[in-house]
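Take a look at the letters that make up each chain.
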Amino acid sequence: MINKAKKSPRVTLRALFFGLLTVIMMTSAPFVTAQKVELAVDTAKAGAKIDRNIFGQFAEHLGHGIYEGIWVGTDSKIPNTRGIRNDVVAALKALKVPNVRWPGGCFADEYHWRKGIGAQRPVTLNPNWGGVTEPNTFGTHEFMDFLEQIGSEAYVSVNVGSGTPQEAAEWLEYLTTAQQTALAKERAVNGHAAPFKVGYLGIGNESWDCGGNMTSDYYLSQMKIYSRFVRNFNPEQQEKSHMLKIAVGPGGGEARWTEWTETIMKAYQHHTWSWDIDGLSMHNYTVVKWPPAFKSVGFGETEYAQILKSTLEMEELINKHSAIMDKYDSQKKVALVVDEWGGWYAPVPGSNPGFLVQQNSIRDAILAALNLNTFARHADRVRMANIAQMINVLQAMIITDKGNMFVTPTYYVFKMYVPFQDATFVPVTFDAGTYTNGNISLPRVDAIAAKDKTGKVWLEITNVDPNQSAEVEVGVVGIAAKSAVGETLTAPRVDSVNTFDAPNAVAPKPISAKVQGGKLTLKVEPKSVTVISVE
Ligand code: AHR
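Everything quoted here is computed from the prediction, not taken from an experiment. (Residues numbered from 1 in each chain as written. Predicted model: local features only at pLDDT ≥ 70, side-chain atom pairs only at ≥ 80, totals over all residues. Heavy atoms only, no water.)

Colleague: What exactly am I supposed to notice about the sheet that holds strand β16 (residues 424–426) here?
Modeller: Backbone-to-backbone hydrogen bonds pair the strands of a sheet. The strands run either parallel or antiparallel. Spatially, the six strands line up as an open sheet ordered β16-β20-β21-β27-β23-β24, and their pairing is antiparallel. For this open sheet the edge positions go to β16 and β24 (509–512), each flanked by a neighbour on one side alone. Neighbour-to-neighbour, the strand axes of this sheet turn through a mean angle of 25°, independent of strand direction. Two strands pair when backbone bridges link them, and β16 and strand β20 (residues 445–451) are joined in this way by three bridges, in the antiparallel orientation. Across the sheet, residue F425 finds its bridge partner in β20, namely A450. Along the sheet, helix α10 (residues 362–377) makes contact with β16, β20, β21 (457–463), β23 (484–489) and β27 (528–534), crossing β20 at roughly 50°. (Pairing = 2+ DSSP bridges. Helix = DSSP H or I, 4+ residues; strand = E, 2+ residues; numbered from the N terminus. Axes fitted to C-alpha atoms, helices over the stretch in contact; angles between N-to-C directions. Contact = heavy atoms within 4.5 Å.)

Below you can see the structure in the form of structure tokens.
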């Protein structure tokens, strides 16, 4: 009995071991077998320019987006230049951020610019976001200084909600006139004699909701007034690089939103000399249900698949609104400007729910790549986009805590995509295959390609599948490929994140493809974003 008792566990363990091994081998077979994907890139069939502005950012007076994220003040121990933190500027410079939308969001439609200039700044309220006070220490000049430091352009949203056309017109005169008006002199007294450049003007924000709950007709008449009177006087912006005016557009795909797009675009078709727009905004967050309930970290594969399924709805939304725009603007003069997009999840426990604090995982990197690829495929109409938001808010590039900061997986995607800025879209054909989780099926891979100004071809491959790598074979027509190198971003878990303790847990690594007979072959890891240049 004793011996038996001693022996039998060994036998059971052996049996268990081999049994388990068989089960593992059977169930893990698909996990180790890479899926084969063939991509065909035809560099001779160049498409539209991928406007660098689709890599735009959004910085609202919300939580620690501005205060602490950008502005620490000149007296701060955190290294800064004129109050703007140096570490954040250095990180953002590497992204070549084309434009920054500011000051909101919902904040913009309650913002009175005069409170943010001069030596005396009143403390006001920020009722939209956490009910905190707004010190107004970061205002017009600080924003423009920040842009200069990171090398970006201004996308200013003017207050159509609680403001007036005159207030907005005076703000633009203050910003842009070179003539010696009272406002220009005031600007000079406040430290900037030369006119500022304002590349983009947002005429209101979500005027159908937090921006004043307007009907489309009411907004249209307001928008025409702002378009007429809110002028840019900068002498350098009168011709070629004139300021682009962006009207409020839809926030979804339902009838209410298609009606909004119809109203604005129908009017645009018959616009006169006295008003004009260059863009129609569209907001679309990946949220699945409202209020945002998905966790930004500590989730599993099901939530990974649900969020990515939801993010792919961007394609349908762009198609829907582009079709309406095409009816009234077949020459695609008006850009569809997706100036708020990204994942919106439940606030991190313990944070102020009004501050929209969330972590940022490899899932967000995949989400970002899928959306950027969608914008690139619609480059003829989607010529600008702004991820929400730049720092510490929603799907951020950077997360700070007092003097510390780390960059997120989304940051790395934006960095890896820099070569696509203003590159020419090149079609890629492929059979994406399918990744399945429960009742969710998604295209397993996605890819885009483009040719930069030097003629170099860039290829991006997203492997959505979190379990299986992909053996990618790329046939490139139009160039004799000799080498293909780049970077790849992946992580061990679907919810892997960077933290203050492990800031480089999710970071890109070098990758190269084998090149033979003009064909490239490379293996991309599960849940990865890869960008390579082909020469
Ligand atoms: O990005 C957060 C908020 O989302 C913006 O202020 C608003 O425009 C949108 O509803």
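Colleague: For this particular structure, what's the right way to read the packing of aromatic side chains?
Modeller: In this description, an aromatic ring pair is defined by two values, namely the gap between the centres and the angle between the planes. Under the defined criterion, the tally for this structure stands at 21 aromatic pairs. Pairing W113 with Y174 gives two aromatic rings, centres 5.1 Å apart and planes at 45°, and the pair type is tilted. With a gap of 61 residues between them, W113 in the loop between β5 (99–102) and β6 (124–126) and Y174 in helix α4 (residues 165–176) connect regions that are remote in the sequence. Arranged with centres 4.9 Å apart and planes meeting at 75°, the rings of F406 and F500 form a pair that is edge-to-face. One end of the pair, F406, is in strand β15 (residues 404–407); the other, F500, is in the loop between β23 and β24, with 94 residues separating them in the sequence. Judged by its relative accessible area of 34%, F500 falls in the partly exposed class. (Phe/Tyr/Trp six-rings, centres within 6.5 Å; stacked < 30°, edge-to-face > 60°. Buried < 20%, exposed > 50% of the residue type's maximum accessible area, 1.4 Å probe, protein only.)

Colleague: In this structure, what is going on with the pairing of strand β10 (residues 244–247)? I would like to understand it.
Modeller: For a regular strand, the rule is simple: side chains alternate between the two faces of the sheet. The pairing of strand β9 (residues 200–203) with β10 spans four bridges and is classified as parallel. Residue pairing in the sheet places G202 in a bridge with I246 of β10. Considered for its hand, the β-α-β crossover made up of β9, helix α6 (residues 216–229) and β10 is right-handed. The sheet contact formed by β10 and strand β11 (residues 279–286) spans two bridges and is parallel. In the sheet register, I246 faces β11, and the bridge partner there is G279. (Right-handed = clockwise from strand over helix to strand, strands pointing away.)

Colleague: How should the site of the ligand be read in this particular structure?
Modeller: The environment of the ligand is made up of F58, E60, G105, C106, W129, N205, E206, Y285, E340, W344, Q389 and L394. For the ligand, an oxygen atom lies 2.7 Å from a polar atom in the side chain of E60. Within the side chain of E206, an N or O atom sits 2.8 Å from an oxygen atom of the ligand. Expressed as a share of its isolated accessible area of 280 Å², the protein-covered part of the ligand is 94%. Residue composition of the shell around the ligand, grouped by class: six nonpolar, three polar and three charged. (Near = heavy atom within 4 Å. Polar contact = N/O pair within 3.5 Å; in protein donor to acceptor, adjacent residues only side chain to side chain. Areas by Shrake-Rupley, 256 points an atom, 1.4 Å probe, with all protein chains shown as cover. Nonpolar A, V, L, I, M, F, W, Y, C, P; charged D, E, K, R; others polar.)

Colleague: Before we go on, may I ask you to explain the environment of S483 in this structure?
Modeller: Relative to the elements of secondary structure, S483 occurs in the loop between β22 (470–477) and β23. Judged by its relative accessible area of 31%, S483 falls in the partly exposed class. For the pair S483 and V515, spaced 32 residues apart in the sequence, the C-alpha separation amounts to 6.1 Å. Not counting residues up to four positions away in its chain, the partners in contact with S483 are V515, S533, V534 and E535.

Colleague: Explain the state of the cysteines to me, please; I cannot follow it from the model alone.
Modeller: Two cysteines, two sulfur atoms, one covalent bond between them: this is a disulfide. Following the criterion strictly, the structure yields one disulfide and no others. Put simply, C106 and C210 are joined by a disulfide, and their sulfur atoms are 2.2 Å apart. A torsion of -90° about the S-S bond marks the disulfide between C106 and C210 as left-handed. With a gap of 104 residues between them, C106 in the loop between β5 and β6 and C210 in the loop between β9 and α6 connect regions that are remote in the sequence. Look at C106 and you get buried, because its relative accessible area is 12%. On the basis of relative accessible area, C210 is assigned to the partly exposed category, the value being 28%. (Disulfide = S-S within 2.5 Å.)

Colleague: Where do I start with the pairing of strand β1 (residues 35–42) in this structure?
Modeller: As paired elements, β1 and β22 share eight bridges and run parallel to each other. Its bridge partner lying in β22, V37 is registered against V472.

Colleague: Any chance you could explain the nonpolar core here in plain terms?
Modeller: Taken as a class, soluble globular proteins show a tendency for nonpolar side chains to be buried jointly. Counting residues in each nonpolar core, the largest one holds 120 residues, and the members touching the most others are W341, F375 and Y417. It is α10 that provides the largest number of residues to this core, a total of ten residues. Beyond its immediate stretch of four places on either side in the chain, F375 contacts I54, M314, I318, V338, W341, V382 and A385. Residues V445, V476, I511 and V524 belong to the second largest nonpolar core, which totals 25 residues. (Core = buried A, V, L, I, M, F, W, Y, C linked by side-chain atoms within 4.5 Å.)

Colleague: Help me understand helix α2 (residues 86–93) in this model?
Modeller: For an α-helix, the turn length of 3.6 residues means that residues three or four places apart are oriented alike. For α2, the full list of buried residues reads V88, V89, A91 and L92. End-on, the buried residues of α2 take up no more than an arc of 165°, which puts them together on one face. Buried positions along α2 lie against β4 (84–85), α3 (140–150), β14 (398–401), β15 and α11 (409–416). (Arc of directions from axis to C-beta.)

Colleague: Can you walk me through the pattern of salt bridges in this structure?
Modeller: When charged atoms on two side chains of opposite charge get close, those side chains can pair. In the structure shown here, the tally under the stated rule is 21 salt bridges. One salt bridge connects D326 with K332, and the closest N-O pair in it is separated by 3.1 Å. Residue K519 pairs with E473 through a salt bridge whose shortest N-O separation is 3.5 Å. Of this pair, K519 sits in strand β26 (residues 519–524) while E473 sits in strand β22, and the two are 46 residues apart along the sequence. Taking relative accessible area as the criterion, E473 reaches 30% and is therefore assigned partly exposed. One salt-bridge network, in which partners are shared between bridges, spans K49, R52, E153, K197 and D422. (Salt bridge = Lys/Arg side-chain N within 4 Å of Asp/Glu carboxyl O.)

Colleague: Would you explain the sheet that holds strand β13 (residues 382–388) in this entry?
Modeller: One closed barrel accounts for eight strands, arranged β2-β5-β8-β9-β10-β11-β12-β13; its pairing is parallel. Put simply, the sheet's adjacent strands are angled 25° from each other on average, direction ignored. Where β11 lies against strand β12 (residues 335–343), seven bridges are found, and the strand directions are parallel. Note that in β12 the partner of Y285 across the bridge is G342. The strands touched by α10 within the sheet are β11, β12 and β13, with β12 carrying the most contacts at an inclination of about 170°.

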